[in-house]
Amino acid sequence: MRKTIAAVILVAITALSLFTLTSCKGNAEGFVFGTYYSYDYEGYLSRSEIGKIEAVAADIDAALSVSYENSLVYALNASGAGGKITLNAYAEEVYLLSSEIYAACDGAFDPASFPLTELWKFSPDTFIGAAESVPSEEEIAAALALSDFSFFTYDAAEHTLTKSADGAKIDFGAVAKGYAADKVFEALIACDVKNAVVDIGGTIRSSDEIELYVADPRNRDYAARVMLDGKAVSTSGDYQRCYFIDGVRYHHIMDKTGHPAGLGDPNAPISVTVVGYSAAVCDALSTAVMVLGYEASVPLVTGYGCSALIITETGYYTIGEEVFEILTERQKLN
């Protein structure tokens, strides 16, 4: 069955309801990680199965949220040097995948950059879509010194994560939605449903054939169309969490200098869509590519068996075998 999905990030969900549907063609919606999510399927789900699927998303959110005061990540961030948490199965898998991708992209995807996210007022508790000023270079340097993944030590035998520096904080937000999409998808498939499509805040995992429209990062048109068949997809961009000061756009994806990635560079990515078989990997890679740019991203994206569409102010690049149909007048740069 072919479906068409139009997107703001990738998909915009505008309604919120509880998990109450049990039918041959079902769908349900909810709210996790500060965003809406939904899933569609063909088949029958008992109320017990729906409850288990709902619990998957809720439990991942409860473990990884930087805002929920009872979450594991919140507890670690609130602690001082020596603070330790015992990771549950979800948190441990996310940590291990994050560590792997962090190493593979030389820190372009960095879960420990949360002090910078807070400083620039892009955290869930500080972002309001506007700011009166940008941080000083001294403030950036201080936050950058705390944004070091090596401040977090993993003990595989004890399943613990320990923090070694006061003020260091971790945030798995750039992989958590994708990870949750994968886990909800797996829970659906385990219930023997067909044509399952899971969308968490625009990160999608599907067993179905989907006609997907990618939003243009600079206007309300669609930039591209891609046909997916049994894959996952995620988009990152400079247009989602951003604000303007004196006509300059500042966004939430930080580079290694502690500034928004690509600031002032017309050839830098402004939107990255990654297609692959793991929503978690696509989620993390879309962030990494925003920082790395096209050339350095080619071995990273292809090494994970993924494809990517990179949109810049001046044109677009593609990586991998996926076919992206460009719908706006943009020059192909590779």
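As the structure is a computational prediction, the values presented were derived from the model and not from experiment. (Residues numbered from 1 in each chain as written. Predicted model: local features only at pLDDT ≥ 70, side-chain atom pairs only at ≥ 80, totals over all residues. Heavy atoms only, no water.)

A. Layout of the environment of glutamate 54. The topology assignment puts glutamate 54 in helix α1 (residues 47-64). Put simply, glutamate 54 and glycine 264 are 210 residues apart on the chain and 42 Å apart in space, counted from C-alpha to C-alpha. (Helix = DSSP H or I, 4+ residues; strand = E, 2+ residues; numbered from the N terminus.)

B. Highlighting the side chain of serine 236. Among the secondary structure elements, serine 236 is positioned in strand β11 (residues 232-237). In terms of polar contacts, serine 236 uses its side chain to reach the side chain of serine 286, at 2.7 Å. Each residue touching serine 236, except ones within four places of it in the same chain, is listed here: Ile253, Ser271, Val272, Asp283, Ser286, Thr287 and Met290. (Polar contact = N/O pair within 3.5 Å; in protein donor to acceptor, adjacent residues only side chain to side chain. Contact = heavy atoms within 4.5 Å.)

C. Spotlight on the sheet that holds strand β4 (residues 84-86). An order of β4-β6-β5 is seen for the three strands of this open sheet, with the pairing classed as antiparallel. A strand with exactly one partner marks an edge of an open sheet, and here the two such strands are β4 and β5 (152-155). Strand-to-strand twist across the sheet, computed as the mean angle between neighbouring axes with direction ignored, equals 20°. (Pairing = 2+ DSSP bridges. Axes fitted to C-alpha atoms, helices over the stretch in contact; angles between N-to-C directions.)

D. Expanded view of the UniProt feature "binding site: Mg(2+)" (unreviewed entry) in the chain. Those places that UniProt annotates as "binding site: Mg(2+)" (unreviewed entry) correspond, in this numbering, to Ala174, Asp283 and Thr287. Spatially, the listed residues are clustered: although they cover 114 residues, their C-alpha atoms lie within 6.9 Å of one another. Lining the largest pocket, from this annotated set, are Ala174, Asp283 and Thr287. Residue position: aspartate 283 is located in helix α7 (residues 279-292). Discounting residues that sit within four places of it in the chain, aspartate 283 has contacts with Gly173, Ala174, Val175, Ala176, Lys177, Gly178, Thr203, Ser234 and Ser236. Within the local environment of aspartate 283, its side chain forms a polar contact with the backbone nitrogen of glycine 178, the two atoms lying 2.9 Å apart. With respect to the helices, strands and loops of the structure, threonine 287 is situated in helix α7. The class for threonine 287 is buried, based on a relative accessible area of 12%. Excluding its chain neighbours within four sequence positions, the residues that come into contact with threonine 287 are Phe109, Ala174, Ser236 and Ile253. (UniProt positions renumbered as here; feature names shortened; annotations may be inferred. 1 Å grid on protein atoms, 1.4 Å probe; cavity = no way out; pocket = protein on both sides within 12 Å on 5 of 7 lines; lining within 4 Å. Buried < 20%, exposed > 50% of the residue type's maximum accessible area, 1.4 Å probe, protein only.)

E. Looking closely at the pairing of strand β7 (residues 194-200). With respect to burial, β7 is a largely interior element, six of its seven residues being buried. Two strands pair when backbone bridges link them, and strand β3 (residues 35-42) and β7 are joined in this way by five bridges, in the antiparallel orientation. Of the residues in β7, the one forming a bridge with serine 38 is aspartate 199. Relative to strand β8 (residues 203-206), β7 runs antiparallel, the two sharing four bridges. When the sheet's bridge partners are listed, aspartate 199 is paired in β8 with isoleucine 204. As consecutive antiparallel partners, β7 and β8 are separated by two residues, and within that stretch glycine 201 has a phi angle of approximately 60°, a positive value.

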